[in-house]
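# Working through the structure, step by step
Below are the chains, spelled out letter by letter.
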Amino acid sequence: MNILIIGSGGREFTFAWKISQSPNTEKLFIAPGNAGTEQFGENVELAGDDFDGIGKFVTENRIDMVIVGPEAPLVDGIRDYFENDESLKEVMLIGPGKQGAMLEGSKDFSKEFMNRHEIPTAKAATFTQNTLKEGIEYLGSSNYPIVLKADGLAAGKGVVIANDEEEAVAVLTEMLVNKKFGAASSKVLIEEFLEGIELSVFVLTDGKDYLLFPEAKDYKRIGEHDTGPNTGGMGAVSPVGFASDDFMDRVEKKVVIPTIEGLQQDNIPYLGFIFIGLMKVGNEPYVIEYNVRMGDPETQVVIPRIKNDFTELLTSAANGTLSKQKIDIDEDAAATIVMVSEGYPGSYEKGREIHGLADVTDALVVHAGTKRKDYKILTNGGRVLSVTGRGQYLGDALRHAYDGVQYVTWQGAYHRTDIGKDVLADHID
Ligand code: AMP
Ligand code: GLY
């Protein structure tokens with residue numbers, strides 16, 4: 001089978017690493033990929049929003065399956081584009097259509113979906129510029145802290161936790177009137193603050209059946225002990241100690257099954273991944289958000305723990321035969337430590353030479369923002385790479401990952417040193 005992966009980060013690197021191990025994979029292409037994905041396939045100079053270019057490439061290279069890594073092409077309708085084209089409609093594409101992608105593309109849509117299907121989530125109300133006055137009144141009778149969310153995609157920056165009414169009114173006005181996030185904040189959700197611990201849960205579905213992947217925890221803030229601004233993710237671990245069998249049963253019954261059934265009831269065809277961001281409040285799961293793709297850097301710890309032939313799993317999902325598959329999860333733990341450019345998540349420089357990559361032997365170096373120039377590998381983004389370690393226990397996985405990190409250097413490289421520590425403590429308790 002010939003496969004095209006769309007995207008260029010650590011998530012797509014990990015897909016390529018896994019998919020290249022399958023005997024069912026013939027040719028593998030990654031568009032646009034990074035310096036590391038060249039180990040597994042051929043990089044193609046195509047952007048995720050260039051549907052015409054992707055379509056042409058797929059036809060010319062007899063691609064059987066397209067795996068869409070990031071959310072933007074899905075929200076923009078890449079599946080619909082393929083389905084409406086005679087020569088592309090038979091191609092297997094992993095990812096939902098425009099309607100299903102609204103679960104991530106609009107927080108108002110996903111909140112209504114959850115309420116309609118009685119999926120546990122924080123209470124919320126939605127306001128627009130026309131109802132700003134009502135929004136301000138609502139903030140006057142709310143408890144604090146409170147969460148304000150821009151409705152649309154805002155590159156992970158559209159959520160603000162306000163500690164008091166004054167701050168909340170300022171943020172609401174900024175989003176609705178000053179259009180802080182452009183069209184994405186033409187609607188704003190005001191949401192109850194949930195006190196708990198976060199967990200990422202991943203599902204692959206063909207619309208009828210589903211497979212539950214290993215759970216993961218990611219570390220979003222730039223600074224040690226979760227301080228400072230949000231990033232795309234500074235590390236991840238799997239499994240997660242507090243996600244007990246009993247808790248995961250609740251997640252499946254109260255969240256996963258109602259989500260799949262809800263999509264069917266609403267006549268929303270859905271083929272692809274669902275990434276459910278949860279808050280564990282006491283022993284109960286609440287959905288914070290849906291994403292219509294895998295997480296990054298969670299993929300870097302989830303996929304290595306899946307023993308199945310991944311190409312086969314995705315083929316089953318595309319053919320609607322996922323009921324015939326059983327997920328085979330490796331008991332061993334995985335941890336990934338993200339190394340970023342100096343300045344990230346603010347502005348940073350690119351083009352610095354990375355050293356020591358070949359010295360990492362007991363862990364997997366996952367490329368993200370990297371670029372090859374002759375024989376050199378250069379930084380080419382904020383999140384440059386991550387190092388994934390494995391081990392029987394999470395402590396071993398973390399040790400392998402951190403050992404690997406020690407070898408990799410470039411001017412201004414930064415990483416967090418506390419990834420997984422909270423979950424380790426959780427284990428000992
Ligand atoms: P989101 O973009 O919806 O994932 O939100 C970004 C982050 O904001 C989440 O990962 C949480 O840490 C936090 N967050 C979002 N919604 C809530 C909520 N209702 N209560 C507490 N924290 C939240
Ligand atoms: N790591 C969070 C995300 O991929 O959205």
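The structure we're discussing is the one just above.
Let me begin by describing the structure that accompanies this report.

Cut-offs and rules
Residues numbered from 1 in each chain as written. Chains lettered and ligands numbered in written order. Predicted model: local features only at pLDDT ≥ 70, side-chain atom pairs only at ≥ 80, totals over all residues. Heavy atoms only, no water. Salt bridge = Lys/Arg side-chain N within 4 Å of Asp/Glu carboxyl O. Helix = DSSP H or I, 4+ residues; strand = E, 2+ residues; numbered from the N terminus. Buried < 20%, exposed > 50% of the residue type's maximum accessible area, 1.4 Å probe, protein only. Contact = heavy atoms within 4.5 Å. 1 Å grid on protein atoms, 1.4 Å probe; cavity = no way out; pocket = protein on both sides within 12 Å on 5 of 7 lines; lining within 4 Å. Points joined across faces, edges and corners; volume = space filled by probe spheres on them. Nonpolar A, V, L, I, M, F, W, Y, C, P; charged D, E, K, R; others polar. Near = heavy atom within 4 Å. Polar contact = N/O pair within 3.5 Å; in protein donor to acceptor, adjacent residues only side chain to side chain.

Attention shifts here to the pattern of salt bridges. Under the definition given, this model contains 26 salt bridges. Residue Arg416 pairs with Asp226 through a salt bridge whose shortest N-O separation is 3.2 Å. One end of the pair, Arg416, is in the loop between α12 (394–407) and α13 (421–428); the other, Asp226, is in the loop between β13 (221–223) and β14 (227–230), with 190 residues separating them in the sequence. Of the residues examined, Arg416 reaches a relative accessible area of 1% and is grouped as buried. Residue class for Asp226 comes out partly exposed when judged on its relative accessible area of 36%. One salt bridge connects Arg416 with Asp418, and the closest N-O pair in it is separated by 2.8 Å. We classify Asp418 as buried; its relative accessible area is 6%.

Bringing the environment of Met339 into the picture now. Inspection of the secondary structure puts Met339 in strand β18 (residues 333–340). Considering only alpha carbons, one finds Met339 and Thr259, 80 residues apart in sequence, at a separation of 35 Å. The contact partners of Met339, leaving out residues within four places of it in the chain, are Gly382, Arg383, Val384, Leu385, Ser386, Val387, Val405, Val408, Trp410, Ala413, Tyr414 and His415.

Another point: the layout of surface pockets. Its volume calculated, the second largest pocket comes out at about 520 Å³. Lining the second largest pocket are 22 residues, and of these Glu215, Pro239, Arg305, Ile329 and Glu331 sit closest to its centre. By residue number, the principal contributor to the lining of the second largest pocket is helix α9 (residues 245–265), which donates 4 residues. Across the lining of the second largest pocket, the residue classes tally to 12 nonpolar, 3 polar and 7 charged.

Around ligand 2 sit Asp218, Gly232, Phe275, Arg293, Gly295, Asp296, Pro297 and Glu298, and that is every residue in its neighbourhood. For the shell around ligand 2, the residue count by class is 2 nonpolar, 2 polar and 4 charged.

A large share of helix α11 (residues 310–319) lies buried, amounting to 7 of its 10 residues. Within α11 the residues assigned to the buried category are Phe310, Thr311, Leu313, Leu314, Thr315, Ser316 and Ala317. You can read the cap of α11 off the contacts: a side-chain oxygen lies 3.0 Å from the backbone nitrogen of Thr311, and it is on Asp309. Positive phi appears at Gly320, one or two residues downstream of α11, with a value of about 75 degrees.

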